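# Analysis of the macromolecular model
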There are 2 protein chains.
Amino acid sequence: MADKTIIFYDFPSKNGSWNAFALRIRLALNYKGLPFETVWVEYPDVEATLKAAGIPPTTKWPDSGKPRYTLPAIVDPSTGTALADSLAIAEYLDKAYPDKPLLMPSNTRALQVAFEEAVPSSIGPLFQFILIKLCDVVNPASEEYFRRTRASLFGKSVEDLVPKGESVKVEWKKVEDGFGKIAGWMKEDKFIMGDTASFADFVIGAFLIMSKIAWGEDSQEWKDIAGWHDGRWSKLVKNLEPYYSN
Amino acid sequence: MADKTIIFYDFPSKNGSWNAFALRIRLALNYKGLPFETVWVEYPDVEATLKAAGIPPTTKWPDSGKPRYTLPAIVDPSTGTALADSLAIAEYLDKAYPDKPLLMPSNTRALQVAFEEAVPSSIGPLFQFILIKLCDVVNPASEEYFRRTRASLFGKSVEDLVPKGESVKVEWKKVEDGFGKIAGWMKEDKFIMGDTASFADFVIGAFLIMSKIAWGEDSQEWKDIAGWHDGRWSKLVKNLEPYYSN
């Protein structure tokens, strides 16, 4: 087992892997030390690529109700497993490879899932700001599709989602407070579980890496985020660097 | 350490301890096997009792902005600690008594806190139904105060909070779905962390014990809850019974 290379489906960009959900699994695969190979998929090709690989859809489109195929996704030739959804993949990897470092150690699976579900209610306001930046991150082959489908998912265009005028400060403060809530949970700890990295760190870390890519290291936005809560977020990104390779 | 009896401030009723937040700590103290003695406090006496014991307030009243004193609260003569708030108390007990069974084992403190904060968004709809029943659970000395302050906290009277007509089924289904979400996190596990009980179980368990007391064991409401998700909630209450003593 685990000798055969896992096929990992991810979204490309000129800066490499950038999508916060796919990044969770990239970090997870590297953390577990599992051999993998990336298949880079542009947004318009996701459905056909996953269908061809036998990977089932994960959700439905809110407007049409049709099956929605999403990344991250993997095919593991060692077990014949083909699946999508970052949480499902993380659970699978721990089950299939329990001797490699665990993503959800010490029987924390249910707590990790609860954490993952609690995060959007904390840092959800980030999306209003970041989606328009991500239109420049994705490759030209994906941009039109990305814009159109985000509008479908969020109910308005990426331009209309961006806070304007006085609400910029208010909404950006909500992002800071959302991260502050998580900082409060973590106290002085390096990772969510103290000295040991786990899936929860990859969830937060992936949102941070995506933000750094979306705005650029020298932007005011990234400088803001990197400085919040005693610089803990730039430290977390640094601590996860060993597991971020394209 | 831990030889002196901890003073535990809890709300009385003819059925004993019933408050979901205080119950968490009752379960926790029994689980850790720490000697404690209950001081039963009626709602109108909470502020004076806690002030006299040197226990600080935990929050503010939404209408007046004045400090709000809440139970559960403890005074631990072994360490001179006096504090309120179930989460703060749980963290304190693990720190002060690390050799007793841990409420947040395996460095899960941050995950447990995230879990605790995620729970209201799951089973929040329960409160619309249960508050009016709790007016009959509290002793007569507390009822007027309980009604008046719940109205202040929730923005409407306990009678107006209760779903009516067609929304009864809809809102009760939301309660079921909220518990269903947690059941989904737990899968087939006995406790949130598998075979080991932890603070997260006391959070859920306390809401369940409160529901059983509020409606009574023979009510349709409790029969509903006890039957949801393959009977796992009545099993959880049964599994926590050793730690529920008045």
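- The name given to chain A in an unreviewed UniProt entry is GST N-terminal domain-containing protein, with the source organism recorded as Tetrapyrgos nigripes.

### Comments concerning the layout of surface pockets
- Each pocket or cavity is described by its volume, and for the largest pocket that value is around 900 Å³.
- As for the largest pocket, its lining consists of 39 residues, and the residues nearest its centre are Phe-21, Arg-68, Thr-70, Leu-71 and Arg-150 of chain B.
- Breaking the lining of the largest pocket down by element, the ones donating at least two residues are α1 (20-32), α2 (46-53), β4 (67-68), α3 (86-96), α4 (109-123), α5 (126-137), α6 (140-154) and α9 (199-215) of chain B.
- Residue assignment places the lining of the largest pocket across two domains, with domain 1 (6-96) and domain 2 (109-243) of chain B each supplying three or more.
- Estimated volume of the second largest pocket: approximately 650 Å³.
- Residue lining of the second largest pocket: 30 residues in total, with Phe-21, Arg-68, Thr-70, Leu-71 and Arg-150 of chain A positioned closest to the centre.
- In terms of residues, the lining of the second largest pocket owes the most to one element, helix α6 (residues 140-154) of chain A, which gives five residues.
- Class assignment for the residues of the lining of the second largest pocket results in 19 nonpolar, five polar and six charged.
- Split by domain, the residues of the lining of the second largest pocket number at least three in each of domain 1 (6-96) and domain 2 (109-243) of chain A.

### Topic: the environment of Ala-200 of chain B
- Structurally, Ala-200 of chain B can be placed in helix α9.
- C-alpha of Ala-200 of chain B to C-alpha of Val-113 of chain B: the two residues are 87 residues apart in sequence and 8.5 Å apart in space.

### Some details on unusual backbone geometry
Residues and elements named next belong to chain A.
- Residue Pro-72 is bonded to the preceding Leu-71 through a cis peptide linkage, with omega at 5 degrees.
- Here Pro-72 shows up in the loop between β4 (67-68) and β5 (73-76).
- With phi around 55 degrees, Asn-107 is a residue other than glycine that occupies positive phi space.
- Relative to the helices and strands, Asn-107 is located in the loop between α3 (86-96) and α4 (109-123).

### A word on the UniProt feature "domain: GST N-terminal" (unreviewed entry) in chain A
- UniProt records the feature "domain: GST N-terminal" (unreviewed entry) for residues 9-101 of chain A in the present numbering.
- From the first C-alpha to the last, residues 9-101 of chain A spans 22 Å; its make-up is 34% helix and 20% strand.

### Brief notes about the packing of helix α9 (residues 199-215) of chain A against helix α10 (residues 220-240) of chain A
All names here are of chain A.
- The interhelical angle for the contact between α9 and α10, taken along N-to-C directions, is 125 degrees, at an axis separation of 10 Å. Classed by the angle they form, the pair α9 and α10 counts as oblique. The chirality of how α9 crosses α10 is left-handed. Along its contact with α9, which presents Asp-201, Phe-202, Ile-204, Gly-205, Leu-208, Ile-209, Ser-211, Lys-212 and Trp-215, the element α10 presents Glu-221, Trp-222, Ile-225, Trp-233, Leu-236, Val-237 and Leu-240.

### Thoughts on the relation of the copies chain A and chain B
- Relative to chain B, chain A is turned by 180 degrees and slid 0.0 Å along the rotation axis, the superposed coordinates differing by an RMSD of 0.0 Å. As the rotation angle and translation indicate, the two copies are arranged about a two-fold axis.
- The fraction of interface residues of chain A whose copies in chain B are also interface residues reaches 100%, indicating that both copies meet through the same surface.

### What to know about the interface of chain A and chain B
- Opposite the 21 residues of chain A that make contact, chain B presents 21 residues.
- Roughly 1800 Å² of surface becomes buried between chain A and chain B when both sides are summed, with 60% attributable to carbon and sulfur atoms.
- There are 10 residue pairs in polar contact (both at pLDDT 80 or more) connecting chain A and chain B.
- Among the secondary structure elements, those contributing two or more residues to the side of chain A that touches chain B are α4 and α8 (167-186) of chain A.

### Quick notes on the domain arrangement of chain A
Residues and elements named next belong to chain A.
- Domain boundaries assigned for chain A yield domain 1 (6-96) and domain 2 (109-243).
- Relative to domain 2, the C-alpha centre of domain 1 lies at a distance of 20 Å.
- Summing both sides of the interface, domain 1 and domain 2 together bury roughly 2700 Å²; the carbon and sulfur share of this comes to 69%.
- Inspection of the region where domain 1 meets domain 2 yields one salt bridge.
- Viewed at the interface, domain 2 and domain 1 are joined by seven residue pairs in polar contact (both at pLDDT 80 or more).
- Counting only elements with at least two residues in the side of domain 1 that touches domain 2, the list comes to α1 (20-32) and α3.
- A total of nine residues in the side of domain 1 that touches domain 2 trace back to one element, the largest contributor, which is α1.
- Among the residues making up the side of domain 1 that touches domain 2, the classes are represented as 14 nonpolar, six polar and seven charged.

Each value, and the rule that gives it
Residues numbered from 1 in each chain as written. Chains lettered and ligands numbered in written order. Predicted model: local features only at pLDDT ≥ 70, side-chain atom pairs only at ≥ 80, totals over all residues. Heavy atoms only, no water. 1 Å grid on protein atoms, 1.4 Å probe; cavity = no way out; pocket = protein on both sides within 12 Å on 5 of 7 lines; lining within 4 Å. Points joined across faces, edges and corners; volume = space filled by probe spheres on them. Helix = DSSP H or I, 4+ residues; strand = E, 2+ residues; numbered from the N terminus. Domains from an automatic or database assignment. Nonpolar A, V, L, I, M, F, W, Y, C, P; charged D, E, K, R; others polar. UniProt positions renumbered as here; feature names shortened; annotations may be inferred. Axes fitted to C-alpha atoms, helices over the stretch in contact; angles between N-to-C directions. Parallel < 35°, antiparallel > 145°, perpendicular 65-115°, else oblique. Left-handed = near helix turned anticlockwise from the far one by under 90°. Contact = heavy atoms within 4.5 Å. Least-squares fit on C-alpha atoms with pLDDT ≥ 70 in both. Buried area = accessible area lost by both parts, 1.4 Å probe. Polar contact = N/O pair within 3.5 Å; in protein donor to acceptor, adjacent residues only side chain to side chain. Salt bridge = Lys/Arg side-chain N within 4 Å of Asp/Glu carboxyl O.

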